[in-house]
Amino acid sequence: MTEPIFSAAHLNSWYGRGRERKQVLRDVTLSLSPGEALGVVGESGSGKSTLAKCLLGLVTDVEGTLTVNSPRPQMVFQDPYGSLNPAKTVGWILEEPLRAAGVKDKNQRRRRVEEMAALVGLGEEHLSRKPARLSGGQRQRVAIAAALIQGSRFIVLDEPVSALDVTLQAQILRLLADLKERLGLSYLFISHDLAVVYQLCDRVAVMTGGEIVEQGDVDDIYDHPQHDYTKKLLAASLALDG
Amino acid sequence: MRKNWYLRIGGALSLLMLIFCAVGLFWTPHDPSAISAADRYALPSPAHLFGCDALGRDIFSRVLQGAAATLTIALAVLAIGAVCGLVIGGLCGYFGGAADAIVMRLCDAIAAFPSVLLALVVMALTGAGRYHLIFALGVLFIPSFARLVRGEFLRQRDLDYVKSARLMGVSPLRIVFVHILPNTFPVLLSGLTIGFNNAVLAEASMSFLGIGVTPQDPSLGYMLSEAQGYLLKTPWYAGFLALTTILLILGVGLLGEGIRSETGVEA
Ligand SMILES: Nc1ncnc2c1ncn2[C@@H]1O[C@H](COP(=O)(O)OP(=O)(O)OP(=O)(O)O)[C@@H](O)[C@H]1O
Ligand SMILES: [Mg+2]
């Protein structure tokens, strides 16, 4: 059996200190196999982003066991307006991960940036712009390119399409599915929208109140939801579609 | 787009005054310290645009020279305060922890005293002179900049672009000075305009009190204390000095107001 990309067992996590300390994750057990896309769904405030940050070591107050077997896992953040440095150009933002990885040759970096930009559907003309002069969809493409450019194979996507309108959502989802095939990526895909998860993911974990109440193959969960909360989510998502 | 008149008028006035001050660095119509008994209290004339003072020195030349001195001192003070404040505030804000708590307490302590009073004490120890003045005021300007920059770093360090840089393995110092720093410029710029005016006023008051620059190297404040001595004979001397100071401060103040309304920065 191959090594999982990550495996987390009995994770608990808190925000705040002292009397303000509030538990956000409760006994979360989850793992991801290579080449798999695992969806995490749940309502706002259920702890999805916190789980993502735990996996990447961005949250400090954590208990439990966690192993990550993929070098330099990256994250595409929820809000494409806050995740790109507003003071820098897109070209600089995409070059920076290469500088951090020790690629000294400027020409080599530029070439790599252009390749990656083309791969996510950005043109040469976008590279000299600052993020403020890009649309939401274009920003999210930049964030995806930046996450991939160091060659990372495990990407956490935190509601990458929630801030976009429906046509753009479909475009970005197609791009993500395409990149996953081409580059052999593994995703942890966070969303509050079951329909979106259904399009992209192999497995799904349902979260509420910081707990995972149900997880399994996407089809199983859709056809035979066990937990009441999952049934409620499904009903809500069907009501929206219908 | 809405026109920002603060920015326009402030920018134009600041530029004008900057040029005026800078001219004094390189050129004056007469030697500003040349004494001439025949020209004592001379009235304004084509030869002496603003007349002469009690020693027969050309007032226009003296104001130009004083403005240049005041400008260079204020800019040097600002440079010390801003650069040190930036480094200290940036590191404290990003890294936090015990060092941050200690440094900020120290800043509070310095800021609790009226800065001119503290500078007075320093000058009493070191003696008068342009470089001592720059040093004393510069150090006193550090805390306010450190606090300003720290606050901005505290806000920025939790933004996703910083987390993203950390995930990519960018070194902490590079995150502080290359990633976050440029995003604090709007706040810093606004702080610089306030600081500039404070520096001009602090320099003027100290030199006016006779504990700033030396008589051989006069500034606007020092000259004002001279002009005060014969306010009735040549009122335009003091008037011209005051006008120069006021226009300089007004221009930069308006510019700061314009920057704040343009960028939505608060303090
Ligand atoms: N930095 C923080 N400090 C304190 N509490 C926080 C912090 N970030 C999140 N929380 C709290 O932790 C809980 C979980 O937040 P989290 O961002 O993980 O939710 P989420 O499932 O991602 O929600 P959303 O769908 O709105 O993004 C929320 O109650 C939130 O208020
Ligand atoms: Mg979230």
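It should be noted that the structure appears before, not after, this text.
Worth saying up front: this structure is predicted, and the values here are computed from it rather than measured.

Asker: Which residues make up the packing of aromatic side chains, and what values do they have?
Answerer: Overall, the coordinates contain eight aromatic pairs over all chains when judged by the stated rule. When the centroid spacing of 5.6 Å and the interplanar angle of 25° are considered together, the rings of Phe6 of chain A and Phe154 of chain A count as stacked. A residue pair is termed long-range when its members are at least 10 positions apart, and Phe6 of chain A in strand β1 (residues 6-15) and Phe154 of chain A in strand β6 (residues 154-158) qualify at 148 residues. Phe154 of chain A matches Phe6 of chain A in its accessibility class, with the two residues each being buried. Relative to Tyr230 of chain B, the ring of Tyr41 of chain B has its centre 5.8 Å away and its plane inclined at 75°; by these criteria the two rings are edge-to-face. With Tyr41 of chain B in the loop between α1 (5-26) and α2 (59-95) and Tyr230 of chain B in the loop between α9 (220-228) and α10 (235-263), this residue pair connects regions lying 189 residues apart in the sequence. On the accessibility criterion, Tyr230 of chain B (13% relative accessible area) is buried. Positioned above the aromatic ring of Trp14 of chain A is the side chain of Arg21 of chain A, whose terminal nitrogen or guanidinium carbon lies 4.2 Å from the ring centre. Over the ring of Trp5 of chain B we find Arg8 of chain B, and its NZ or CZ is 5.2 Å from the ring centre.

Asker: Give me the sheet that holds β6 of chain A: which residues, what numbers.
Answerer: Residue and element names in this part refer to chain A. Read across the open sheet, the six strands follow the order β5-β6-β7-β3-β8-β9; overall the sheet is mixed. A strand with exactly one partner marks an edge of an open sheet, and here the two such strands are β5 (74-76) and β9 (211-217). With direction set aside, neighbouring strand axes in the sheet form an average angle of 20°. Here strand β3 (residues 37-41) runs beside strand β8 (residues 203-208); their pairing, made up of four bridges, is parallel.

Asker: So what's going on with helix α5 (residues 166-183) of chain A? Which residues, and what values?
Answerer: All names here are of chain A. End to end, α5 covers 26 Å across 18 residues, agreeing with the expected 26 Å (1.5 Å per residue, within 8%). When we look at burial in α5, the residues that qualify are Gln169, Ile172, Leu173, Leu175, Leu176, Leu179 and Lys180. For α5, the arc enclosing every buried residue in end-on projection is 160°, short of the 170-degree limit, so these residues lie on one face. Facing away from the buried side of α5, by more than 90 degrees, are the exposed residues Thr167, Arg174, Glu181 and Arg182. Buried-residue contacts for α5 involve β3, α3 (106-119), α4 (136-148), β6, β7 (186-191) and α6 (194-200). Count one or two residues on from α5 and you reach Gly184, which has phi positive near 65°.

Asker: If you had to explain the pairing of β8 of chain A to someone new, which residues and values would you point to?
Answerer: Residues and elements named next belong to chain A. Burial analysis of β8 places six of its six residues in the buried class, the great majority of the element. Sheet analysis places β8 next to β9, joined by six bridges and oriented antiparallel. From the neighbouring strand, Val204 faces β9, where its bridge partner is Gly216. Linking β8 back to β9 in an antiparallel pair, the connection comprises two residues, with Gly209 at a positive phi of about 55°.

Asker: Tell me what's going on with the coordination of the magnesium ion (ligand 2), and back it up with residues and numbers.
Answerer: Residue and element names in this part refer to chain A. Around the magnesium ion (ligand 2), the protein contributes the donor atoms Ser49 (OG) and Gln78 (OE1), at 1.9 to 2.5 Å from the metal centre. Of this pair, Ser49 sits in helix α1 (residues 48-55) while Gln78 sits in the loop between β5 and α2 (90-100), and the two are 29 residues apart along the sequence. Looking at Gln78, the relative accessible area reads 33%, which means it is partly exposed.

Asker: Run through unusual backbone geometry, naming residues and quoting values.
Answerer: All names here are of chain A. A positive phi angle, near 50°, is found at Asp27, a position not held by glycine. With respect to the helices and strands, the residue Asp27 is situated in strand β2 (residues 22-32). Take Asp27: its relative accessible area is 46%, and that puts it in the partly exposed class. Although it is not a glycine, Arg72 sits at a positive phi angle of roughly 45°. When you line up the elements, Arg72 lands in the loop between β4 (62-68) and β5. Its relative accessible area of 37% is what places Arg72 among the partly exposed residues.

Asker: Requested: an account of the packing of helix α6 (residues 160-167) of chain B against helix α7 (residues 172-180) of chain B, with residues and values cited.
Answerer: Residues and elements named next belong to chain B. Where α6 meets α7, the axes come as close as 11 Å, and the angle between the chain directions of the two elements is 135°. In terms of orientation, α6 lies oblique with respect to α7. Along this stretch, α6 crosses α7, giving a crossing that reads as right-handed. Residues Tyr161, Val162, Ala165 and Arg166 of α6 touch α7, and the partners they reach there are Ile175, His179 and Ile180. The residue makeup of the contact of α6 with α7, split by class, is five nonpolar, one polar and one charged.

Asker: Before we move on, could you go through the sheet that holds β1 of chain A and cite the residues and values that matter?
Answerer: Residue and element names in this part refer to chain A. Ordered by their spatial adjacency, three strands build an open sheet running β2-β1-β4, and the pairing between neighbours is antiparallel. The sheet terminates laterally at β2 and β4, the two strands that pair on one side only. Each strand axis lies, on average, 20° off the axis of its neighbour in the sheet, ignoring direction. Running over the sheet, α1 touches β1, β2 and β4 and is turned about 120° from β1.

Asker: Provide a residue-level description of the site of ligand 1, including the pertinent values.
Answerer: All names here are of chain A. Neighbouring ligand 1 are 13 residues; Ser44, Gly45, Lys48, Ser49 and Thr50 lie closest to it. Side-chain polar atom of Lys22 to an oxygen atom of ligand 1: 3.4 Å apart, as the coordinates give it. One of the backbone N or O atoms of Gly45 is found 2.8 Å from an oxygen atom in ligand 1. Within the complex, 61% of the 640 Å² of free accessible area of ligand 1 lies under protein. Top element by residues in the shell around ligand 1 is α1. It accounts for three residues.

The rules behind these values
Residues numbered from 1 in each chain as written. Chains lettered and ligands numbered in written order. Predicted model: local features only at pLDDT ≥ 70, side-chain atom pairs only at ≥ 80, totals over all residues. Heavy atoms only, no water. Phe/Tyr/Trp six-rings, centres within 6.5 Å; stacked < 30°, edge-to-face > 60°. Helix = DSSP H or I, 4+ residues; strand = E, 2+ residues; numbered from the N terminus. Buried < 20%, exposed > 50% of the residue type's maximum accessible area, 1.4 Å probe, protein only. Lys NZ or Arg CZ within 6 Å of the ring centre and 35° of its normal. Pairing = 2+ DSSP bridges. Axes fitted to C-alpha atoms, helices over the stretch in contact; angles between N-to-C directions. Expected span 1.5 Å × (residues − 1). Arc of directions from axis to C-beta. Contact = heavy atoms within 4.5 Å. Donors = N, O, S within 2.8 Å, 3.2 Å for Na, K, Ca; no water. Parallel < 35°, antiparallel > 145°, perpendicular 65-115°, else oblique. Left-handed = near helix turned anticlockwise from the far one by under 90°. Nonpolar A, V, L, I, M, F, W, Y, C, P; charged D, E, K, R; others polar. Near = heavy atom within 4 Å. Polar contact = N/O pair within 3.5 Å; in protein donor to acceptor, adjacent residues only side chain to side chain. Areas by Shrake-Rupley, 256 points an atom, 1.4 Å probe, with all protein chains shown as cover.

Shape is all these values report; function is a separate question.
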